[in-house]
Every structure is written in structure tokens, then in C-alpha cells.
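Each chain, letter by letter, is given below.
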Protein chains: 2
Amino acid sequence: MPPSREPPIEPLDAALYDRPSVTVDVVVLTLRGGCLEVLLVRRKEHPFLNYWSLPGGLIWKGESLDEAAARVLRHKAGLEAEVGRTRRPGGHPIYLEQLYTFGNPNRDPRARVISVAYYALVEQSHVREISEESALFRLLLRDEENVAEIYDAKGKKYSLAFDHAEILAVAVRRIRGKLSYTSIGFELLPERFTLRELQAVHEAILQKKLNKASFRRKMLASGLLQPTGEFERGTGFRPAELYRFRREV
Amino acid sequence: MPPSREPPIEPLDAALYDRPSVTVDVVVLTLRGGCLEVLLVRRKEHPFLNYWSLPGGLIWKGESLDEAAARVLRHKAGLEAEVGRTRRPGGHPIYLEQLYTFGNPNRDPRARVISVAYYALVEQSHVREISEESALFRLLLRDEENVAEIYDAKGKKYSLAFDHAEILAVAVRRIRGKLSYTSIGFELLPERFTLRELQAVHEAILQKKLNKASFRRKMLASGLLQPTGEFERGTGFRPAELYRFRREV
DNA sequence: GTGCTTATATGCTTCTTGCAACTAAGTTTT
DNA sequence: AAAACTTAGTTGCAAGAAGCATATAAGCAC
């Protein structure tokens, strides 16, 4: 039997239950200049007026969580995505996946808000800073820290609204973990890319230098790369071969 | 700018928003007879009256998701847990961690219910079938399938309430993934255990045989094991040494 | 052509993993 | 008591993966 001191599992009246708002927040990540960057939007309301925050919104009736995340991505980042993996007009998919759910009772001072966080990996050229109220920021996660740090192009550091710095930390850790046993590393690259670019993606996510020869051997042996026979152009110096990610063998 | 055909991100009236119930469901896993088993409870209400389901409950006011999961575990499984990792009276912690959030609009036919799923790993001797309305079932996840299968001791297969078979599939896959780069393998064992038992845990989770010599080498080299100098007793045949999991080096 | 830079390949060493055979320590059988 | 049996634990070897250094190749500038 359950301990007698505890309240019963079902409270006698509905007042004990919570009926929270549920939102979806999306971590849109891209790679620029060898660093991970995240798309943030400026808040126009209290609390955290004028703070930068993750794009997000309340879920709607009849909409799944995945659909809500895709909608937020579409409206606040101008990106078409779907959890399976859709192809955008350009032909390259956007990777979108549920990350974690944040539900501490006081994470929003106004009311109980539970946020289901998603993350999206987007090729750099497709992230547009849709309005003056959205921008890309450099993302840095130090070892052992449970919040990520955010910097603008000038190196100025920012505090984020709500628990969003914590959400970013969870996102970076998740991506680091999945890098080795999934193919998410390709999601930040255009359809055709060089091995050097692929290595840069891995190095940015893991925040450490990798051995060139080993990296090439492993990638080529994985069977995930399809050589296109084409090469970079106008690089100065020897051009690298372009590869394509081979989905499904 | 966002496409003009889409509704605005913030609907004009609140009728578009959903204000769902939020519940926590807990996947309590243990190991018995070389198989993963899961604790299920029998439903006493419609829908899915008399179906077996995951223990769960609505979140309460002022309670975090982690706390709600621990409360469900306490009341419906008689287990003390906390997400960090607490020690129960016996001295062994219960591993509890958020798994994934399920929010399809029709997963509960009565109303919109979003469920934040957790999973707990429990040493076999501590799982009690608390009442006649709870029991352990064998858990099997076939490759490529997106729902898990549930069998009782006689080998009879059951259908679960709601999307709970899908939740179980996600749980098994998550644990499989984390087995190699975390120490969750120890959470299903008592404080002192043999290498053979540890290997059995890994084999049950991965559902494949492992090589004895390689497994031993890797485990001993990991530095996670502390020999106790003590040995099994009354085993018939040569007794194996007992090891302890060394938390934090 | 030379010199510079980056791409790509190769040889070597080290570490890991899988496989098989071996020794060790108990109990049971004869 | 000795032999047989079963599981615990070790060791040697081969195949594979990963780190490191070096060599060759291909483009550009001069």
C-alpha cells in the first residue's frame, strides 16, 4: 500500500490539478563561420520585455506537437519542416525533432506554462533573419555548465528569457550525443558539400579538433557519402570533391 | 515574411488555443529471467476499461514534471525516486528520467491529454506488484517496429491502452542508445553484482548475445567497477566475484 | 617553371574487439 | 580420492579502427 502520509493519487477536488498552457519552443540551429548559431526572436511583451528568446507559441486545437513545432518554424523562421523530414522547395530537408519538455511550475512568472522544446538543424543559407526582431547568435556550451551562452557578432553576451539558456544547453548536448550514431551531421550542410565542410560541422558541434585522415576514412567507409564527381570551383588552390548524402542505402 | 495563406501565429481569439490536461506516465522497467519487464496497471475507467496501461496521473499545481513522475512512482509502484538520483532506504538509487512527450490530439478520445513520459530502471527485487491491479509483463521490441509487444508469464499477448505500446517502444530504444555511453546498465542490478549479471542486463536490453571476454575487458577497463573481494555463495560450481558500481571516479 | 595552399592517399603504431583456447574453482559422480 | 562437470576468469591472436606523420596531387600566383 502507498504510504499513508501522502495525499491520494487522485485529489478529491479538481483544485489540485493544474491545467497549464502548453507551448512549443524551437531551437533553430545553423552553422556559420565554424560556430553553431541559434535563431532568437526579441520579445515584445512582459515578462522579459525586449529579451531575446526562442521562437515559440501556444499549441492549437487539433494540432499535434510536431505540427505545432512545424508551424512555429514556418511563421517565425520562414522555414518549411515536418518531423519525418520534408523536402523544401530547394530540395533539402529540414531536420526537426522533439528535444525535451520543460515544466517547472515557476518557469513563467505569469502562469503555469509547459514548453515542449524542439530543435531544427538548418543549412546556413536558408536561415533568414526574417524581421528586425529576429537574429542569429553564436552559441557556446561550456563543459559541465547547464546553461548555454549566447553572443552576438560583436562578442557581446546576452541573457535569455525564461529558461531558454537551459533549453539550449540540452539541445547542444543532445546533438553532440546523436552525432556519432545518426546522420544529423549532414543536416547543417547544403545538398552537395566537401569532406572539409562536413568535418567543420562535426568540429563545431563537438567543440574539438578532429583528425583529418581518420575523419575522412571513417566517413568514406560509412557508406553514407555519394561522390558526385564534381568539384568546388574558384577556391584558389586544389578544389575538393563534392559529395552528396546518401539517404537509405 | 510568413506566407500570407497561413493563419497568424497568434489567433485573434482564444478559441483556437488548446488548454490540454497534462499527465505524466512512467515506464517502470526491471529485469527478470533475462528479459526486460514493465510494470503495468489495470484501468478501472473508460476508455480502455480493464486494459493494462502505464501508471500515470495528472500533474498537480506547483509541482514540477519530475516531481509528478516521482509521485506517480511512489503511489502506483511504491518506489521512492527522484530525478537526480536519490537513495532509497535500501541504499540503492532508482534511476528516473524524462523520456518523450506524446501529444497527438486524439490519443485520448475523451479530451486533449498531453502525456510527458518518464522511464525508471529498478532492481528486480524492489518491484512489488503492489495490488492485484498491477503486474509485470515481458517487454519485446522487434526491429523496425514502432510499438512494443507485451506478454504475461504464460506467453499471452496483450494490447495496451492509448498509445502506451508506442511509449514503450520509445523507451526501449532510448535505453538501448544510452547503454553504451552512460552507466544506466547498473541501475537494473542490486548494489553488488557479478560480471555475468551485468552482461545479462546488457544482453536483455540490446536483445543480442555479447562476447564474454570482450565484455569483461571493456567493463573492467572502464573504471566503473569496484571489486569487493567477496564472492557469490552457494552457486554450485565456481563462485563469481562481486563488484560494486563506482559512482564518480 | 617555382612556390604556396589545400585535397587526398598511405604507411605505421596503438588501441579496441571478436574468437578460441586455456586455466581455475567450485560441486557432483564414480 | 579421482574423474567429470559446470561456470569463472585469463590469455593469445587476428581483424579492424583511430591517431599521427608523411607523401603526392591539383589548383593558383608569380
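Here, the structure is the one placed above.
Residues numbered from 1 in each chain as written. Chains lettered and ligands numbered in written order. Predicted model: local features only at pLDDT ≥ 70, side-chain atom pairs only at ≥ 80, totals over all residues. Heavy atoms only, no water.

Caption draft 1: How the structure looks around the relation of the copies chain B and chain A. Superposing chain B onto chain A requires a rotation of 180° together with a translation of 0.0 Å along the rotation axis, leaving an RMSD of 0.0 Å. Taken together, the rotation angle and the small translation identify this as a two-fold axis. Same-surface contact between copies: 100% of interface residues of chain B are shared with the interface of chain A. (Least-squares fit on C-alpha atoms with pLDDT ≥ 70 in both. Contact = heavy atoms within 4.5 Å.)

Caption draft 2: Highlighting the protein's contact with DNA strand C. Around DNA strand C, 18 residues are found, and the nearest of them are Lys212 and Glu241 of chain A together with Ser214, Arg217 and Phe237 of chain B. Looking at DNA strand C alone, sugar and phosphate atoms form 53% of those within 4 Å of the protein. Note that a base nitrogen of DNA strand C is positioned 2.9 Å from one of the side-chain N or O atoms of Arg238 of chain A. The contact in question runs from a base nitrogen of DNA strand C to an N or O atom on the side chain of Ser214 of chain B, over 3.0 Å. Residue assignment for the surface near DNA strand C shows that the elements contributing at least two residues are α4 (212–222) of chain A together with α4 (212–222) of chain B. Classifying every residue of the surface near DNA strand C by side-chain character gives six nonpolar, three polar and nine charged. (Near = heavy atom within 4 Å. Polar contact = N/O pair within 3.5 Å; in protein donor to acceptor, adjacent residues only side chain to side chain. Helix = DSSP H or I, 4+ residues; strand = E, 2+ residues; numbered from the N terminus. Nonpolar A, V, L, I, M, F, W, Y, C, P; charged D, E, K, R; others polar.)

Caption draft 3: Highlighting the sheet that holds strand β11 (residues 225–231) of chain B. Residues and elements named next belong to chain B. Within the open sheet, the three strands sit side by side as β10-β12-β11. Their pairing is antiparallel. Each edge of the open sheet carries a strand with a single partner, namely β10 (192–193) and β11. Alignment of β10 against strand β12 (residues 241–245), held across two bridges, turns out to be antiparallel. Following the sheet pairing, Phe193 is matched in β12 by Tyr243. (Pairing = 2+ DSSP bridges.)

Caption draft 4: Structural context of the side chain of Arg176 of chain B. All names here are of chain B. Positionally, Arg176 belongs in helix α2 (residues 164–179). Despite being buried, Arg176 has no salt bridge partner; Asp143 is the closest side chain of opposite charge, sitting 4.3 Å away. Sequence-distant contacts of Arg176, defined by excluding residues within four places in its chain, comprise Leu141, Asp143, Ile205, Leu206 and Gln207. (Buried < 20%, exposed > 50% of the residue type's maximum accessible area, 1.4 Å probe, protein only. Lys, Arg positive; Asp, Glu negative; His and termini not counted. Salt bridge = Lys/Arg side-chain N within 4 Å of Asp/Glu carboxyl O.)

Caption draft 5: The packing of helix α3 (residues 195–206) of chain A against α4 of chain A, seen in detail. All names here are of chain A. Across the interface, α3 lies against α4 with an axial gap of 11 Å and an inter-helix angle of 105°. With respect to each other, α3 and α4 are oriented roughly perpendicular. Counted together, Leu195, Leu198, Gln199 and His202 of α3 and Lys212, Phe215, Arg216, Met219 and Leu220 of α4 form the full contact between these two elements. Of the residues contributing to the contact of α3 with α4, the split by class is five nonpolar, two polar and two charged. (Axes fitted to C-alpha atoms, helices over the stretch in contact; angles between N-to-C directions. Parallel < 35°, antiparallel > 145°, perpendicular 65-115°, else oblique.)

Caption draft 6: Fine view of helix α3 (residues 195–206) of chain B. Residues and elements named next belong to chain B. Under the 1.5 Å per step criterion, the end-to-end length of α3 is 16 Å for 12 residues, consistent within 8% with the ideal 16 Å. Three or more residues of α3 are buried, namely Leu195, Leu198, Gln199, Val201, His202, Glu203, Ala204 and Ile205. Of the residues one or two after α3, Gln207 is the one with positive phi, at around 55°. (Expected span 1.5 Å × (residues − 1).)

Caption draft 7: Highlighting the packing of helix α2 (residues 164–179) of chain A against α3 of chain A. All names here are of chain A. With their axes 9 Å apart at the nearest point, α2 and α3 run at an angle of 135° to one another. One way to sum up the angle between α2 and α3 is to call them oblique. As α2 runs across α3, the sense of the crossing is left-handed. Only His202, Ile205 and Leu206 of α3 make contact with α2, whose side of the interface consists of Ile175, Arg176 and Leu179. The residue makeup of the contact of α2 with α3, split by class, is four nonpolar, one polar and one charged. (Left-handed = near helix turned anticlockwise from the far one by under 90°.)

Caption draft 8: Looking closely at the interface of chain B and chain A. Residue-level contacts link 40 residues of chain B with 40 residues of chain A. Linking chain B with chain A are zero salt bridges. Counting every contact that joins chain B to chain A gives eight residue pairs in polar contact (both at pLDDT 80 or more). Among the secondary structure elements, those contributing two or more residues to the side of chain B that touches chain A are β1 (21–32), α1 (65–77), β5 (95–102) and β6 (113–121) of chain B. Looking at the side of chain B that touches chain A element by element, the count peaks at seven residues for α1 of chain B.

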